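Analysis of the macromolecular model
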Amino acid sequence: MCVLGLGYVGLPTAAVLATVGRRVAGVDLRRDILDTINAGRIHIVEPELDALVRAAVAAGTLRAVPEPVPAATFLICVPTPITPDHLPDLRHVEAAAHAIVPALRPGCLVVLESTVPPGTLRELVAPIITRSGLVPGREVFLAHAPERVLPGAVLREVVENERIVGGLTDACTARCADFYETFVRAAVHRCGAEVAELSKLAENAFRDVNIAFANELANVCARLGLDVWEVIRLANRHPRVQILRPGPGVGGHCIAVDPWFIAAAAPQDTPLIQAARQVNDQRPERVLGQVRQLAARLRRPKVACLGLTYKPDIDDLRESPALHIAQALAADPGLELSVVEPHLQRSPIDGVPLVNLSDALAAADILVILVAHRQFRHLRPDQLLHLMVVDPVGLLSSRS
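A few points on the structure. On a predicted model such as this, the values are computed, not experimentally measured, just so you know.

1. Things to note about the overall build of the protein chain
- Within the protein chain, the regular secondary structure consists of 13 helices and twelve strands.
- Scaling as 2.2 N^0.38, a compact globule of 400 residues should have a C-alpha radius of gyration of about 21 Å, and the protein chain matches this with 23 Å.
- Each of the 400 residues in the protein chain was classed as buried or not, and the buried ones make up 54%.
- Considering only contacts within the protein chain whose residues lie at least 6 apart along the sequence, 69% involve residues at least 24 apart.
- In the form shown here, the protein chain has an accessible surface area of approximately 18200 Å², with 53% of it arising from carbon and sulfur atoms.
- With 40 positive and 43 negative side-chain charges, the protein chain shows a separation of 3 Å between the mean positions of the two kinds.

2. Concerning the pairing of strand β9 (residues 302-306)
- Counting buried residues in β9 gives four out of five residues, a clear majority hidden from the surface.
- Pairing of β9 with strand β10 (residues 336-340) involves five bridges; the strand directions are parallel. By the bridge assignment, V303 is partnered in β10 with L337.
- Once the chain exits β9 it traverses helix α12 (residues 321-330) before rejoining the sheet at β10, and the crossover so formed is right-handed.
- With four bridges connecting them, β9 and strand β11 (residues 366-369) associate as parallel partners. Paired with C305 across the two strands is V368, which belongs to β11.

3. Some thoughts on the nonpolar core
- If you look at the biggest cluster of nonpolar residues, it comprises 74 residues, and the most contacted ones within it are L62, F74, L75 and Y180.
- The element that contributes the greatest number of residues to this core is helix α1 (residues 10-18), accounting for six residues.
- Apart from residues no more than four positions distant in its own chain, Y180 is found in contact with L75, V111, E113, A145, R163, V165 and V188.

4. Comments concerning the packing of α1 against helix α3 (residues 49-59)
- Packing of α1 against α3 brings their axes to within 9 Å, and their N-to-C directions diverge by 50°. The angle between the axes of α1 and α3 places the two elements in the oblique class. Between α1 and α3 the crossing geometry is left-handed. Residues L11, P12, A15, V16 and A18 of α1 form the contact with α3, whose participating residues are L49, L52, V53 and A56.
- Class assignment of the residues belonging to the contact of α1 with α3 gives a composition of nine nonpolar, no polar and no charged.

5. Quick notes on empty space enclosed by the protein
- Taken as a whole and judged by the stated rule, the model has one cavity of 30 Å³ or more.
- Lining of the largest cavity is provided by V9, T13, E113, E147, R148, V149, V158 and R163.
- Across the lining of the largest cavity, the residue classes break down as three nonpolar, one polar and four charged.

6. Section: the sheet that holds β9
- Strand order in the open sheet formed by four strands is β10-β9-β11-β12, and the pairing between neighbours is parallel. The open sheet terminates on both sides in strands that have one partner only, identified here as β10 and β12 (388-390). Averaged over all neighbouring strand pairs, the angle between strand axes comes to 20°, with direction disregarded.
- Those strands touched by α12 are β9 and β10, and its axis lies near 155° from that of β10.

7. Quick look at the side chain of N161
- Structurally, N161 can be placed in the loop between α6 (154-160) and β7 (163-167).
- On the basis of relative accessible area, N161 is assigned to the buried category, the value being 19%.
- Among the polar contacts listed, one links the side chain of N161 to the backbone oxygen of R148, at a separation of 2.5 Å.
- Residues in contact with N161, not counting those within four places in the same chain, are R148, V149, V184 and A186.

8. A closer look at a nonpolar patch on the surface
- Where nonpolar side chains cluster on the molecular surface, the patch consists of V220, L224, L226 and V231 and spans about 340 Å² of accessible area.
- Position of V220 among the secondary structure elements: in helix α8 (residues 193-224).

9. Digging into unusual backbone geometry
- The backbone of H86 shows a phi angle near 65°, a positive value even though the residue is not glycine.
- The topology assignment puts H86 in the loop between β4 (73-76) and α4 (91-100).
- Residue classification places H86 among the partly exposed positions, given a relative accessible area of 29%.
- A positive phi angle, near 45°, is found at R300, a position not held by glycine.
- Here R300 lies in the loop between α11 (271-295) and β9.

The rules behind each value
- Residues numbered from 1 in each chain as written.
- Predicted model: local features only at pLDDT ≥ 70, side-chain atom pairs only at ≥ 80, totals over all residues.
- Heavy atoms only, no water.
- Helix = DSSP H or I, 4+ residues; strand = E, 2+ residues; numbered from the N terminus.
- Rg over C-alpha atoms; globule rule 2.2 N^0.38 Å.
- Buried < 20%, exposed > 50% of the residue type's maximum accessible area, 1.4 Å probe, protein only.
- Contact = heavy atoms within 4.5 Å.
- Areas by Shrake-Rupley, 256 points an atom, 1.4 Å probe, with all protein chains shown as cover.
- Lys, Arg positive; Asp, Glu negative; His and termini not counted.
- Charge placed at Lys NZ, Arg CZ, Asp CG, Glu CD.
- Pairing = 2+ DSSP bridges.
- Right-handed = clockwise from strand over helix to strand, strands pointing away.
- Core = buried A, V, L, I, M, F, W, Y, C linked by side-chain atoms within 4.5 Å.
- Axes fitted to C-alpha atoms, helices over the stretch in contact; angles between N-to-C directions.
- Parallel < 35°, antiparallel > 145°, perpendicular 65-115°, else oblique.
- Left-handed = near helix turned anticlockwise from the far one by under 90°.
- Nonpolar A, V, L, I, M, F, W, Y, C, P; charged D, E, K, R; others polar.
- 1 Å grid on protein atoms, 1.4 Å probe; cavity = no way out; pocket = protein on both sides within 12 Å on 5 of 7 lines; lining within 4 Å.
- Points joined across faces, edges and corners; volume = space filled by probe spheres on them.
- Polar contact = N/O pair within 3.5 Å; in protein donor to acceptor, adjacent residues only side chain to side chain.
- Patch = residues over 30% accessible without salt bridge, like charges linked within 9 Å, V, L, I, M, F, W, Y side chains within 5 Å.
- Salt bridge = Lys/Arg side-chain N within 4 Å of Asp/Glu carboxyl O.

Below, the structure written as structure tokens:
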């Protein structure tokens, strides 16, 4: 089989399939990624993935190649970002579909795992695939099976999470479901392509809206001088209330992006989804305002940011609000910035060093806790006595 895209979803999926009896060719455009994987190493941080890739490469069941090769099954796992004006950017999906056309043979299964707007499989991918001369639904089978994995737990979730598969036809759906049932240990739900596409977007939009409520509540508490963590803790004592945790914003390749795909499909019918996106997108500026208010009390203060990734205990910087905040502080000539990010080898911000936690605490005037990494959870009150602290993730409040 052939997996297109060897990133946070494609590589773990390819590695899992390579260990359950399949011979997998993974496709990526970056030569450094191909070389790394073919050497039995990985270019991302994901628990236990290094051992799985090393074993699969050594066994000859996984190899990385620059272009698709003939296979019975093709999985498209390429990125689907948004444009600056919040429209879906499907150029990677389009390019992947074009790339597999020469490798298609009668009976092939083509699965789009990338998260996409409703209609993408039918209106974008299918017309490209027909250029192979094969008829979708009869000679080639097309389906959407959106990935549903959590970075940091991908290897487990690839096989344990329930899956949704939606084909262009009933025959496509059945063929795709049969494939996933060979390695997924949970239920595989069958539907049409557009339902599958929208269901994945609905999952992430639901979470985004609920996070926006928590973030808006944090904004209200800041204005009223109240402790949002105490308010949420007490509100959640109600048996039918479960308010999520606020933070410095929403990041990652899913929750910060996917709601815009729904909004693009039905802009007049999504005021709530669009409002939630605006609330969450504005949160980094709220945090920056808190930092700047404290910095104004000092002459060229030293600021240390803890965490740059979009969520705890991973190395993923995609759409990270923590990174946005740190970059904005780095551009302020009135302060001196350092960052602590244990999951990165080098700083992604020019001129701003990565330092260890002890050095950051010793040197800083203002501490900004942006990601609740496991390494930060042992902070002691006596280490913070001389610091002004901004804690939008509630790392310190969670221990009270």
